[in-house]
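Each chain is listed here by its residues.
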Amino acid sequence: MLVNLTKRSNEAELMDNPDVNEKDLSIALEDIGKVNRMLGGNNITIDAVVEIIKNDDIAKEYTIMDFGCGDGEMLRQLAKVLQKHHIKAKLIGIDNHDKCLSQAINLSGAFPDIKYYQENILQLDKEKFSCDIIICTLTLHHFRDEEIKKLLTKGLELASQGIIINDIHRTRLSYYLFKLFSFFFIKGYIAKNDGLVSIKRGFKRNELLRFAKDLKLTNHRLQWKWAFRYRWIINQ
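Residues numbered from 1 in each chain as written. Predicted model: local features only at pLDDT ≥ 70, side-chain atom pairs only at ≥ 80, totals over all residues. Heavy atoms only, no water.

**Student:** If you had to explain helix α1 (residues 22-39) to someone new, which residues and values would you point to?
**Tutor:** With 18 residues, α1 ought to run about 26 Å at 1.5 Å a step, and its terminal C-alpha atoms sit 26 Å apart, in line with that. Those residues of α1 that fall on the buried side of the exposure criterion are Leu25, Ala28, Leu29, Asp31, Gly33, Val35 and Asn36. Its buried side turned inward, α1 meets α2 (41-54), α4 (98-107), α7 (172-185), α8 (189-201) and β7 (229-235). Here α1 starts with a cap whose side-chain oxygen sits 2.9 Å from the backbone nitrogen of Lys23, and that cap is Asn21. In the segment just after α1, Gly40 is the residue with positive phi, at about 70°. (Helix = DSSP H or I, 4+ residues; strand = E, 2+ residues; numbered from the N terminus. Expected span 1.5 Å × (residues − 1). Buried < 20%, exposed > 50% of the residue type's maximum accessible area, 1.4 Å probe, protein only. Contact = heavy atoms within 4.5 Å. Polar contact = N/O pair within 3.5 Å; in protein donor to acceptor, adjacent residues only side chain to side chain.)

So this is what it looks like as structure tokens:
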């Protein structure tokens, strides 16, 4: 029987469990990083950041915050690209998972401009966490619909220029292609399981546009990107 993807799933991902084994989590994060590098997933976010800055003021220093930073892979890649473009930036990683943040800190020793904080995204204090740009890559789908509205509202409260969201397009084709892909390229059971769960929790275009309508967002752009991603840029 084919998987039913008519509605978003609320099935929990294994790596969201705070009691997940640290070694297994490390393998899962490594697998996810490898998949993103192979398929160019992080570039979807990074290209948008560079575009926004180049259209603004490349000479000033930016503060960029990553909602759901995981092990910091995105921020490390972003730091390298910004350096190549001679863009000054302070990078902040936010995650509520202490084991992910522990790995992020250990892996980011060579990046002094990246700081990590264990915080609930929905409860971030504006005085402490105001920034220019928020990036949110493969994090939005971890939240339920009502929480997503709160997350977007919080993001617009904190970011002076806007939010860049990069998340999964929920389709039957991507689900079964990932099953095939993971057989050859993913070694850990968590990433194999959670990759499929993530797709089931992903989005249809009309669902993202419904969030925009509910929140009365007027200045935003939603684009489909390979591999089965939506890039949603919400400007202030």
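So, next bit.
**Student:** For the environment of Arg172, give the residues involved together with the corresponding values.
**Tutor:** Inspection of the secondary structure assignment puts Arg172 in helix α7. Classification of Arg172 by relative accessible area gives partly exposed; the value is 41%. In the structure, Arg172 is positioned 166 residues away from Thr6 in sequence and 9.6 Å away in space, judged by C-alpha atoms. Dropping the residues within four chain positions of it, Arg172 is found in contact with Leu2, Val3 and Leu5. A distance of 3.2 Å separates the side chain of Arg172 from the backbone oxygen of Val3, its partner in a polar contact.

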